[in-house]
Amino acid sequence: AAVTIDSFFDSYDILLMPTLAKPPVELGLLDLDTDDPSEFGREFQQFCPYASLANMTGCPAISLPLGTSHDGLPIGVMAMAPFADELTLLQLAAELEKVRQTVGQSLDVLRKENDEKLEKMRATVDEKLQTTLETRLAQSFTQISERLEAVQRGLGEMQSLATGVGDLKRVL
């Protein structure tokens, strides 16, 4: 394995692979206290098959948490470098941390700008809703007022008629 990996590093600086083949397992699932150690080995190999390559070849490797799953669990990337080249891995880790910080800061700025724009949109919508509500209420009150005036006029006319009927009764 060491000879094969050496020829790989003749063409490439770093070998990148997932840290784990599966999401983290429940506590106790990979149990060393088993009657069959080969069972543990099989389960571990299915869970974490990539680390053994670095262990068998003696090449330096580093696992870097570069994301999270939908469940919020860390997702790692394992980088492996040629034998005795730990410096390349440390430089890679430092560069990735700078990128992560830059991306994080950019995301924070975008969130802030989006929050501000969203607040402006809410204010505009609230203002337009308030204006529309005031206009429609004013129109409704105008209609109600006009109808009440018409009812009052009708009542006045009815009162005049009632007075006229009373006068007619007296005459008759």
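No experiment lies behind these values; they were computed from the predicted model shown. By convention here, each chain's residues receive numbers from 1 onward along its written sequence. For a predicted model such as this one, the threshold for reporting local features is a pLDDT of at least 70, and the threshold for listing and counting side-chain atom pairs is 80 or more; totals across whole chains, interfaces and linings nevertheless cover every residue. Working from all heavy atoms in the structure, the side-chain values ignore hydrogens and water.

### Describing the sheet that holds strand 1 (residues 15-18)
Where strands meet in a sheet, backbone hydrogen bonds hold them as pairs that are either parallel or antiparallel.
So, point 1. Two strands are said to pair when DSSP picks up at least two bridges between them. Going along the chain from the N terminus, every DSSP run of H or I of four or more residues is numbered as a helix, and every run of E of two or more is numbered as a strand. Read across the sheet, 3 strands follow the order 1-3-2 without closing on themselves; strand pairing throughout is antiparallel. What marks the edges here is a single partner per strand, and that holds for strand 1 and strand 2 (61-68). Strand-to-strand twist in this sheet, taken as the mean axis angle between neighbours without regard to direction, amounts to 30 degrees.
So, point 2. Direction of pairing for strand 1 relative to strand 3 (residues 74-80): antiparallel, over a ladder of 4 bridges. Paired with leucine 15 across the two strands is methionine 80, which belongs to strand 3. Each axis is a line fitted through C-alpha atoms, and for a helix only the stretch in contact is used; angles between axes span 0 to 180 degrees, taken between their N-to-C directions.

### Structural notes on the side chain of threonine 57
So, point 1. Its location among the elements puts threonine 57 in helix 3 (residues 51-57).
So, point 2. Take threonine 57: its relative accessible area is 11%, and that puts it in the buried class.
So, point 3. The term polar contact refers here to a pair of N or O atoms within 3.5 Å; inside protein, the definition further demands a hydrogen-donor-capable atom paired with an acceptor-capable atom, and it admits residues adjacent in sequence only when both atoms are side-chain atoms. In this structure the side chain of threonine 57 is engaged in a polar contact, spanning 2.9 Å, whose partner is the backbone oxygen of leucine 53.
So, point 4. Separated by 3.3 Å, the side chain of threonine 57 and the backbone nitrogen of cysteine 59 make a polar contact. The cut-offs for exposure are 20% and 50% of the maximum accessible area for each residue type, with area from a 1.4 Å probe on protein chains only; residues under the lower value are buried, those over the upper are exposed, and the others partly exposed.

### Considering the pattern of salt bridges
So, point 1. Salt bridge criterion: a side-chain nitrogen from Lys or Arg within 4 Å of a carboxyl oxygen from Asp or Glu. Per the stated rule, a full pass over the model turns up 5 salt bridges.
So, point 2. Across the pair lysine 98 and glutamate 95 runs a salt bridge, and its minimum N-O distance is 3.5 Å. On the criterion of helical spacing, the pair formed by lysine 98 and glutamate 95 is a turn pair, its members being 3 residues apart in helix 4 (residues 86-171).
So, point 3. Using a relative accessible area of 44% as the deciding quantity, one classes glutamate 95 as partly exposed.

### With respect to the confidence of the model for the chain
A low pLDDT score tells you not to read the predicted coordinates there in detail.
So, point 1. Each residue gets a pLDDT score, which is the predictor's confidence in that residue and runs from 0 to 100. In this model, the chain carries a mean pLDDT of 87, and residues with pLDDT of at least 70 account for 98%.
So, point 2. Mean pLDDT across the elements of the chain ranges from a minimum in helix 2 (residues 37-47), with 80, to a maximum in strand 1, with 93.

### Considerations on the environment of aspartate 115
So, point 1. In this fold, aspartate 115 is placed in helix 4.
So, point 2. Using a relative accessible area of 52% as the deciding quantity, one classes aspartate 115 as exposed.
So, point 3. With 11 residues separating them along the chain, aspartate 115 and aspartate 126 place their C-alpha atoms 16 Å apart.

### Topic: the layout of surface pockets
So, point 1. Cavity means a closed set of points on a 1 Å grid over the protein atoms alone, one where a 1.4 Å probe fits but cannot get out, pocket means an open set with protein on both sides within 12 Å along at least 5 of 7 lines, and lining means a residue has an atom within 4 Å of a point. Grid points are joined across faces, edges and corners, and a volume is the space filled by probe spheres set on the points. A volume near 190 Å³ is recorded for the largest pocket.
So, point 2. Along the wall of the largest pocket there are 13 residues; nearest its centre are Lys22, Pro23, Pro24, Pro74 and Ile75.
So, point 3. With 3 residues, the top contributor of residues to the lining of the largest pocket is strand 3.
So, point 4. Looking at the lining of the largest pocket, its residues break down into 7 nonpolar, 4 polar and 2 charged. Each residue receives one of three labels: charged for Asp, Glu, Lys and Arg, nonpolar for Ala, Val, Leu, Ile, Met, Phe, Trp, Tyr, Cys and Pro, and polar for the others, Gly being one of them.

### A closer look at the nonpolar core
So, point 1. Only buried Ala, Val, Leu, Ile, Met, Phe, Trp, Tyr and Cys residues count toward a nonpolar core, and they belong to the same one when joined by side-chain atoms within 4.5 Å. Residues Ile5, Phe9, Leu15, Met17, Phe47, Cys48, Ala51, Ala54, Cys59, Met78 and Met80 constitute the largest nonpolar core, which totals 11 residues.
So, point 2. Residue assignment for this core shows that the elements contributing at least two residues are helix 1 (2-11), strand 1, helix 3 and strand 3.
So, point 3. Residues count as neighbours in contact if any of their non-hydrogen atoms are within 4.5 Å of one another. Filtering out sequence-adjacent residues up to four positions away, phenylalanine 9 remains in contact with Ile14, Leu15, Cys59, Met80, Ala81 and Pro82.

### Details of unusual backbone geometry
So, point 1. The phi dihedral of alanine 84 falls on the positive side, at around 65 degrees, and the residue is not glycine.
So, point 2. On the basis of relative accessibility, which here comes to 54%, the residue alanine 84 falls in the exposed class.

### Section: the side chain of threonine 19
So, point 1. Relative to the assigned elements, threonine 19 resides in the loop between strand 1 and helix 2.
So, point 2. At 2.8 Å, the side chain of threonine 19 and the side chain of serine 63 are in polar contact.
So, point 3. Of the polar contacts made by the side chain of threonine 19, one reaches the backbone nitrogen of methionine 78; its length is 3.5 Å.
So, point 4. Once residues within four sequence positions are removed from consideration, threonine 19 is found in contact with Cys48, Tyr50, Ser63, Gly76, Val77 and Met78.

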